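Residue-level structure breakdown
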Protein chains: 2
Amino acid sequence: MDDRPRTKARKIDHVSFVVESVDEALKLYVDLLGLAVIKIEESELHAVRAAFLMAGDVMVEVIEPLGPGPIQDFLEKRGPGFHHLAYEVDDLPEGLAAADAAGFRVIDRAPKPGIEGGRIAFLHPKSTFGAMTELCDKKEFEPE
Amino acid sequence: MDDRPRTKARKIDHVSFVVESVDEALKLYVDLLGLAVIKIEESELHAVRAAFLMAGDVMVEVIEPLGPGPIQDFLEKRGPGFHHLAYEVDDLPEGLAAADAAGFRVIDRAPKPGIEGGRIAFLHPKSTFGAMTELCDKKEFEPE
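Residues numbered from 1 in each chain as written. Chains lettered and ligands numbered in written order. Predicted model: local features only at pLDDT ≥ 70, side-chain atom pairs only at ≥ 80, totals over all residues. Heavy atoms only, no water.

On to the overall build of chain A. The helix and strand inventory of chain A stands at 3 helices and 8 strands. Counting helices and strands in the order they occur from the N terminus, chain A gives β-α-β-β-β-α-β-α-β-β-β. Taken over the C-alpha trace, chain A has a radius of gyration of 16 Å; the compact-globule value for 144 residues is 15 Å, and the two agree within 12%. Overall size of chain A, expressed as C-alpha extent along the three principal axes, is 45 × 30 × 30 Å. Burial statistics for chain A: of 144 residues in total, 56% are counted as buried. Here the analysis covers contacts within chain A between residues at least 6 apart in sequence; of these, 54% occur between residues at least 24 apart. Carbon together with sulfur atoms contributes 51% to the accessible area of chain A, which is approximately 7100 Å² in total. The centroid of the 17 positive side-chain charges in chain A is displaced by 6 Å from the centroid of its 27 negative side-chain charges. (Helix = DSSP H or I, 4+ residues; strand = E, 2+ residues; numbered from the N terminus. Rg over C-alpha atoms; globule rule 2.2 N^0.38 Å. Buried < 20%, exposed > 50% of the residue type's maximum accessible area, 1.4 Å probe, protein only. Contact = heavy atoms within 4.5 Å. Areas by Shrake-Rupley, 256 points an atom, 1.4 Å probe, with all protein chains shown as cover. Lys, Arg positive; Asp, Glu negative; His and termini not counted. Charge placed at Lys NZ, Arg CZ, Asp CG, Glu CD.)

A word on the nonpolar core. If you look at soluble globular proteins, the nonpolar side chains tend to sit buried side by side. Residues Y29, V60 and Y87 of chain A together with Y29, V60 and Y87 of chain B are the most contacted members of the largest nonpolar core, which totals 70 residues. In contact with Y29 of chain B, other than residues within four places in its own chain, are Y87 and A131 of chain A together with F17, G34, L35, L53, V60 and V62 of chain B. (Core = buried A, V, L, I, M, F, W, Y, C linked by side-chain atoms within 4.5 Å.)

Taken together, K77, R78, R105 and K126 of chain A together with K77, R78, R105 and K126 of chain B make up a surface patch of like positive charges. Of all the secondary-structure elements, those providing two or more residues to the positive patch are α2 (70-78) of chain A together with α2 (70-78) of chain B. Its place among the elements puts K77 of chain A in helix α2. On the accessibility criterion, K77 of chain A (76% relative accessible area) is exposed. (Patch = residues over 30% accessible without salt bridge, like charges linked within 9 Å, V, L, I, M, F, W, Y side chains within 5 Å. Salt bridge = Lys/Arg side-chain N within 4 Å of Asp/Glu carboxyl O.)

In this section: the relation of the copies chain B and chain A. Between chain B and chain A, which share one sequence, the superposing operator has a rotation angle of 180° and an axial displacement of 0.0 Å; the RMSD is 0.0 Å. With respect to symmetry, the two chain copies, as superposed, fit the operation of a two-fold axis. Residue F82 of chain B of chain B places its C-alpha closer to the rotation axis than any other residue of that unit, at 3.3 Å. Of the interface residues in chain B, 100% have counterparts in chain A that sit at the interface too, so the contact is made through matching surfaces. (Least-squares fit on C-alpha atoms with pLDDT ≥ 70 in both.)

Right, let's talk about unusual backbone geometry for a bit. Here the phi dihedral of F129 of chain A falls at roughly 60°; this positive angle occurs in a residue that is not glycine. With respect to the element layout, F129 of chain A can be found in the loop between β7 (119-123) and β8 (133-137). A positive phi angle is found at A47 of chain B, which is not glycine, with a value near 55°. Within the fold, A47 of chain B resides in the loop between β2 (36-43) and β3 (48-55).

Interpretation in functional terms is not warranted from these geometric data alone.
Structure follows, in structure tokens:
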């Protein structure tokens with residue numbers, strides 16, 4: 001233990017997978033695993049269709065691209081699979097400052113509003129050992 | 001809802017990442033995120049060094065290859081990153097039978113002993129939309 005700032009993750013908030021078809025993927029997540037569906041919705045802004053499911057107190061996001069954008073790029077480049085894992089921290093700006101100070105590559109210098117409320121920001125997978133990592137908190141997003 | 005058999009996942013048991021160096025990865029998982037270390041150990045059998053950490057009630061496994069084997073193959077082929085996500089089910093043989101009946105590609109036809117106790121089996125990522133998926137239960141492994 002030392003006195004470096006820490007994000008002190010409370011828990012895993014959610015895990016996100018990119019798929020070719022949300023409807024097909026629900027055969028795994030709902031029909032087989034029996035996860036509870038929170039909602040299935042389309043976002044024109046992000047050009048995706050997404051299912052939000054619960055496994056215990058962790059959300060599972062399953063995302064399908066509906067057109068050009070980062071998710072379609074991901075699917076074309078990497079194929080379907082893991083996209084990112086999100087940890088809930090007490091305070092996102094503190095967490096980002098700690099990540100930056102520790103040399104992690106912070107994609108979002110300032111918090112963004114999360115799709116489910118709260119605030120989110122991503123760390124680049126090149127600096128997080130191949131695993132895209134999101135930090136989020138449950139505080140209200142306030143544009144600067 | 002229908003009468004197909006379901007695994008009825010209780011929760012996410014763990015998520016597993018392959019890395020080049022466990023010690024380096026702990027800069028993210030322990031120094032930054034502050035996850036609790038359960039143990040760090042080497043397995044000659046699996047030719048890996050692994051750290052087991054807790055984020056809430058979900059375990060995070062970070063695995064480094066120590067020599068030839070599936071994890072080294074994975075790292076060479078895919079690079080560091082997500083390896084698999086494990087769901088806890090009530091009864092693993094029932095879960096595997098349900099997965100098989102639903103057309104998922106079951107890698108382990110019979111349960112194997114888990115590294116942390118209990119029983120585990122994998123579903124092939126080709127049939128789980130790119131995400132290697134493990135099913136596990138907390139029952140004692142009994143060789144047939």
